[in-house]
Amino acid sequence: DINAVFAAIDIGASSGRVMLGRVSPSTGVSLETIHRFPNGVVELDGGLHWDFDALFAEVLKGLTAAASVAATNGERIVSVGIDTWAVDYGLVNKAGELTAQPYSYRDERSRATVGRVHAVISPEKLYATTGLQYLQFNTLYQLAAEPNLDGVQALLIPDLIAFLLTGERRTEATNASTTGLFDAVKGEWATGFLDALGLPRSIFPPLIQPGETVGTLLPAILKQTGLPADATVVAVGSHDTASAVAAVPADGDDFAYISSGTWSLVGVELDAAVLTEASRSANFTNERGVDGTIRYLRNVGGLWLLSECQRYWAAQGLSQSLPALLEAAAALPAGGPQINADDPAFTAPDNMPDRIRAAVRNTGALLPDRPAAVVRCIMDSLAAGYARTLADAERLTGRSTSVVHIVGGGSQNRLLCQLTADATGKSVIAGPVEATAQGNVLAQARAAGVVAGGLSELRALVAAGTQLVRYEFRDAFASQSGGS
Ligand code: ADP
Ligand code: LRH
């Protein structure tokens, strides 16, 4: 069907977009951005939340615009796919109402409940079943902080959007794997853990796999958006990182990836989970990918460090464009001070440049006040973190990789890409920027029968439609500068 198009809703922690995706077996995927909107945590009643009502209004705006673009082109929107950041959820009551604006994973409330959960199930036992890296904000610790779960269900953010569009309650499996309550080997809920923690087995709706249909659109949604009555919501890798990894334009399987945005998700793709004690102590995760693959990775600090600095400098009247900041940082010499980008001290939104300077002071070094120096420190620290993590991934899986694919917004950061090649000693291939939306669209296109095959076929379609940029290892100290 030459006129078939797919709508992708992709919301990251820093921005969201609604896109139209066109897919053909010969030319690959092409995306048209229909609507973009900012996202970020908001302080509400003393806690950090997402303004979900505002996000959902933007989703409807985007879908309305998508319906009108498709109608003008004589195209047919076959389905809608949804992905967002992981872990967080909204509580929905029996009447189908959201009981409060969802908490953000950056809120501190789960800090107090980690110990309580571990007193019931040890970290070793949790890891042996879920294979999930320990992060203070994993869903199970957040649920343990809820004062009252009577009569409500937890809908992960993409599932919540799907519910509001269709009236159907499901939990998409790739995102379920980030809850800490999902069995990585069986691919089912870890009901024993739900029972042990006193959570009702019905706390999450039943699982659904990428490619399966969630449902058709509610009459009110059809009326408001003008979408066609036979359009469906199709489950995709609803964890944004799962959709991004599905769209890494790799050829073969000896590749590593970095999904680079607010976070850097650094790892490899496996057929089976690695649940060893060594893997647990290195805090690697076994999250579920599209087609039942394992995303074996670690959360490394990300461009949150940079965007928070930018936010702070802008408030001080020191606003500079991102390209100008990165260019100034690239002109500084290699070998400057580094921080541990994963330090939980950087999780909350606050004065980021000061926290970074304090972390450098703790290493016995000094970081000048200048934005360029701070940005260079972030980039050097991220690249070093990537290199350490990739070396760990190779050691823990016994697999070697020849190339590192960087996808997401950070793939446009030439300084970071070059420093990553320098720190890892590997070739870096950057792009696509919108890998997540591409993965979202491809899962839908395959479900509709427009394209066929496994992940390697889908990846070839991404490669066919993307201008990729290659970075090779340089001896940073010989050239004494960072950028290219
Ligand atoms: P998320 O999905 O977590 O919201 P994205 O994948 O959208 O994140 O990436 C956002 C990041 O991409 C920004 O924080 C910024 O650092 C980086 N970025 C965006 N545009 C550019 C650009 N033109 N050059 C370099 N980096 C960019
Ligand atoms: C990236 C991401 C990541 C999760 C974090 C909460 O957007 O989904 O994979 O760990 O957000």
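Residues numbered from 1 in each chain as written. Chains lettered and ligands numbered in written order. Predicted model: local features only at pLDDT ≥ 70, side-chain atom pairs only at ≥ 80, totals over all residues.

(A) Just the packing of helix 11 (residues 304-315) against helix 14 (residues 371-397), in detail. As a packed pair, helix 11 and helix 14 sit with axes 10 Å apart at the nearest point and diverge in direction by 165°. By the angle between their axes, helix 11 is roughly antiparallel relative to helix 14. Viewed along their axes, helix 11 and helix 14 form a crossing whose handedness is right-handed. For the pair helix 11 and helix 14, contact is made by Leu305, Leu306, Cys309 and Trp313 and by Pro371, Val374, Val375 and Ile378, respectively. Of the residues in the contact of helix 11 with helix 14, the class split is 8 nonpolar, no polar and no charged. (Axes fitted to C-alpha atoms, helices over the stretch in contact; angles between N-to-C directions. Helix = DSSP H or I, 4+ residues; strand = E, 2+ residues; numbered from the N terminus. Parallel < 35°, antiparallel > 145°, perpendicular 65-115°, else oblique. Left-handed = near helix turned anticlockwise from the far one by under 90°. Contact = placed C-beta atoms within 7 Å. Nonpolar A, V, L, I, M, F, W, Y, C, P; charged D, E, K, R; others polar.)

(B) Up close: the sheet that holds strand 18 (residues 294-300). Pairing is mixed across the open sheet formed by 7 strands, whose spatial order is 17-18-16-15-19-20-21. Where the open sheet ends on each side, the last strands, each with one partner, are strand 17 (285-288) and strand 21 (469-471). Averaged over all pairs of adjacent strands, the angle between strand axes in this sheet comes to 30°, irrespective of strand direction. Seen against the sheet, helix 15 (residues 414-424) touches strand 19 (403-407), strand 20 (427-430) and strand 21 and runs at an angle of roughly 155° to strand 20. (Pairing = 2+ DSSP bridges.)

(C) How the structure looks around the UniProt feature "domain: Carbohydrate kinase FGGY C-terminal" (unreviewed entry) in the protein chain. Taking the numbering used here, the UniProt-annotated feature "domain: Carbohydrate kinase FGGY C-terminal" (unreviewed entry) corresponds to residues 256-448. Secondary structure over residues 256-448 splits into 46% helix and 17% strand, and the C-alpha atoms at its two ends are 29 Å apart. (UniProt positions renumbered as here; feature names shortened; annotations may be inferred.)

(D) Representation of the site of ligand 2. The full set close to ligand 2 counts 14 residues, and Trp85, Ala86, Val87, Thr241 and Trp263 are the nearest of them. Broken down by class, the residue content of the shell around ligand 2 amounts to 7 nonpolar, 6 polar and 1 charged. (Near = placed C-beta within 6 Å.)

(E) Geometry of the nonpolar core. One finds Ala7 and Leu442 to be the most contacted residues of the largest nonpolar core, which totals 147 residues. If one sorts the elements of this core by residue count, helix 14 sits on top with 13 residues. Excluding anything up to four places from it in sequence, Leu442 contacts Val23, Val29, Ala246, Ala247, Leu458 and Leu461. (Core = buried A, V, L, I, M, F, W, Y, C linked by C-beta atoms within 7 Å. Buried ≥ 20, exposed ≤ 12 C-beta atoms within 10 Å, placed from the backbone.)

(F) Geometry of the environment of Ser202. As for its placement among the helices and strands, Ser202 is situated in the loop between helix 7 (191-196) and strand 12 (207-208). For the pair formed by Ser202 and Asn440, sequence separation is 238 residues and the distance between their alpha carbons is 27 Å.

(G) Main features of the pairing of strand 19. With 4 of its 5 residues buried, strand 19 lies for the most part within the structure. Here strand 19 pairs with strand 20 via 4 bridges, running parallel. When the sheet's bridge partners are listed, His405 is paired in strand 20 with Ile429.

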